[in-house]
Amino acid sequence: MTETNTLIIEAGRVERQYWRDLWRYRELFAFFAWRDLLVRYKQTVVGVSWSLIRPLLTVGVLTIVFGRLGKMPANGIPYPLLVLCGMLPWQFFSMAMAESGNSLVSNSNMISKVYFPRLVMTVSTVITSLVDFLISSAFLVVLMIWYRYPPPAAVLLLPFFVLLVFCASLGVGTWIAALMVEYRDFRFIVPFIVQFGLYISPVGFQSSIVPERFRLLYSLNPMVGIIDGFRWCLLGNFRGIYWPSIYIAVLEVVVILVSGIWYFRKTERTFADVI
């Protein structure tokens, strides 16, 4: 008697298997993140200390430009502290966006030869930027001690805004990573976006200086709400916080993350052929 094999095609089964594969290959998240950290600081004189030197230099420049020359208001908050609380989430977002955008192209040999969920690479680069962010945060602790500026009770909500900037970075990163496989022009577009975004986001100044009639339009930049949230958690209920910007940021991050993963999954099957 001949045995027959039956193939059952179940709707959504491939998608569920993909997310199971992500869990099966979970060790790769740590492996790729650790590899990226080693490569980033390999053959550097000060090594991981660059995670502290970068924010230190940036805070110095922005404090001089916006605080001393621009005479931007700080509402009694030490200006370097005001800048650093805005610069840390922006640095996390900008680095994660740039690195995750290159995550697939820079690993083209591995993608064309070995199977694993490609989303692992993009997520790992964001995790690497998260580690850099946590190291840089040590400088914030030192600065708050130096100025004797204790954090308010709202600091307990800081993990929510860290998660928010992580999801924003991952959402934008998945979009750029998938697009860059087919359109290498994004290698030139992303640095421009990062540079331009630094000046249209409230990194070196408070968003309260924007005229009230333009606040809602300005808040369409999701980093406005995220940076305002960071400052609120770390510096207290400083005057001028625009709560709709935080609500808009949460909504936009959810849309960007969901749509980014959707587009990434839609184009993932062609990565090995196109790249």
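Every chain is numbered independently, its residues counted from 1 as its sequence is written. Per-residue local features are limited, in this predicted model, to residues with pLDDT of at least 70; the limit for side-chain atom pairs, both in listing and counting, is 80 or more; totals at the level of whole chains, interfaces and linings are taken over all residues. Only hydrogens and water are set aside; all other atoms, that is, all heavy atoms of the structure, feed into the side-chain values.

Focus on the overall build of the chain
Broken down by element type, the chain carries 12 helices and zero strands. Segments assigned H or I by DSSP are reported as helices when at least four residues long, segments assigned E as strands when at least two residues long, and all are numbered from the N terminus. Start at the N end of the chain and walk to the C end: the helices and strands fall as α-α-α-α-α-α-α-α-α-α-α-α. Among the 275 residues that make up the chain, the fraction classed as buried is 49%. Should any heavy atoms of two residues lie within 4.5 Å, those residues are considered in contact. Within the chain, contacts between residues separated by at least 24 positions form 80% of all contacts whose residues are at least 6 apart in sequence. Only protein chains enter the area calculation, which uses a 1.4 Å probe; residues under 20% of their type maximum are buried, those over 50% are exposed, and those in between are partly exposed.

Brief notes about the nonpolar core
Core analysis: the biggest nonpolar cluster contains 76 residues, and Leu84, Phe93, Leu104, Leu140, Ile226, Phe230 and Phe264 have the highest contact counts within it. At the level of secondary structure, the elements contributing two or more residues to this core comprise helix H1 (13-24), helix H2 (27-40), helix H3 (50-69), helix H4 (79-101), helix H6 (119-146), helix H7 (158-182), helix H10 (222-235) and helix H11 (243-268). With 16 residues, H7 is the largest single contributor of residues to this core. Excluding residues that lie within four positions of it along the chain, Phe230 makes contacts with Cys85, Pro89, Phe133, Leu158, Phe161, Val162 and Val165. By nonpolar core is meant a set of buried Ala, Val, Leu, Ile, Met, Phe, Trp, Tyr and Cys residues that side-chain atoms within 4.5 Å join together.

Considering the environment of Val141
With respect to the secondary-structure elements, Val141 resides in helix H6. For Val141, a relative accessible area of 49% corresponds to the partly exposed category. With 60 residues separating them in the primary sequence, Val141 and Leu81 have C-alpha atoms 10.0 Å apart.

As for the packing of H7 against helix H8 (residues 186-200)
Packing of H7 against H8 brings their axes to within 10 Å, and their N-to-C directions diverge by 150°. On the basis of their axis angle, the class for H7 and H8 is roughly antiparallel. Across the interface between the two elements, Ile176, Leu179 and Met180 from H7 touch Phe186, Arg187 and Val190 from H8. Of the residues assigned to the contact of H7 with H8, the class counts are five nonpolar, no polar and one charged. The axes used here are C-alpha line fits, helices contributing only the stretch in contact, and every angle between their N-to-C directions lies in the interval 0 to 180 degrees. Throughout, the term roughly parallel applies to angles under 35 degrees, roughly antiparallel to angles over 145, roughly perpendicular to angles from 65 to 115, and oblique to all others. Gly is placed with the polar residues, together with every amino acid not listed as nonpolar (Ala, Val, Leu, Ile, Met, Phe, Trp, Tyr, Cys and Pro) or charged (Asp, Glu, Lys and Arg).

Let's talk about the side chain of Glu252
Positionally, Glu252 belongs in helix H11. Charge counting follows a simple rule: Lys and Arg are positive, Asp and Glu are negative, and His as well as the terminal groups are ignored. Salt bridges, as used here, are contacts in which a Lys or Arg side-chain nitrogen is within 4 Å of a carboxyl oxygen on Asp or Glu. Notably, Glu252 is buried but unbridged: the nearest opposite-charge side chain belongs to Arg215, and the N-O separation is 14 Å. If sequence neighbours within four positions are ignored, Glu252 has contacts with Ser219, Leu220, Asn221 and Pro222.

A closer look at a nonpolar patch on the surface
Taken together, the side chains of Ile189, Phe192, Ile193, Phe196, Tyr199 and Ile200 make up a nonpolar region of the molecular surface, amounting to roughly 590 Å² of accessible area. By the element assignment, Tyr199 lies in helix H8. Like-charged residues within 9 Å of one another, or nonpolar side chains (Val, Leu, Ile, Met, Phe, Trp, Tyr) within 5 Å, are grouped into patches, provided each residue has over 30% relative accessible area and no salt bridge. Every accessible area reported is derived by Shrake-Rupley at a probe size of 1.4 Å, with residue values counting cover from the shown protein chains alone.

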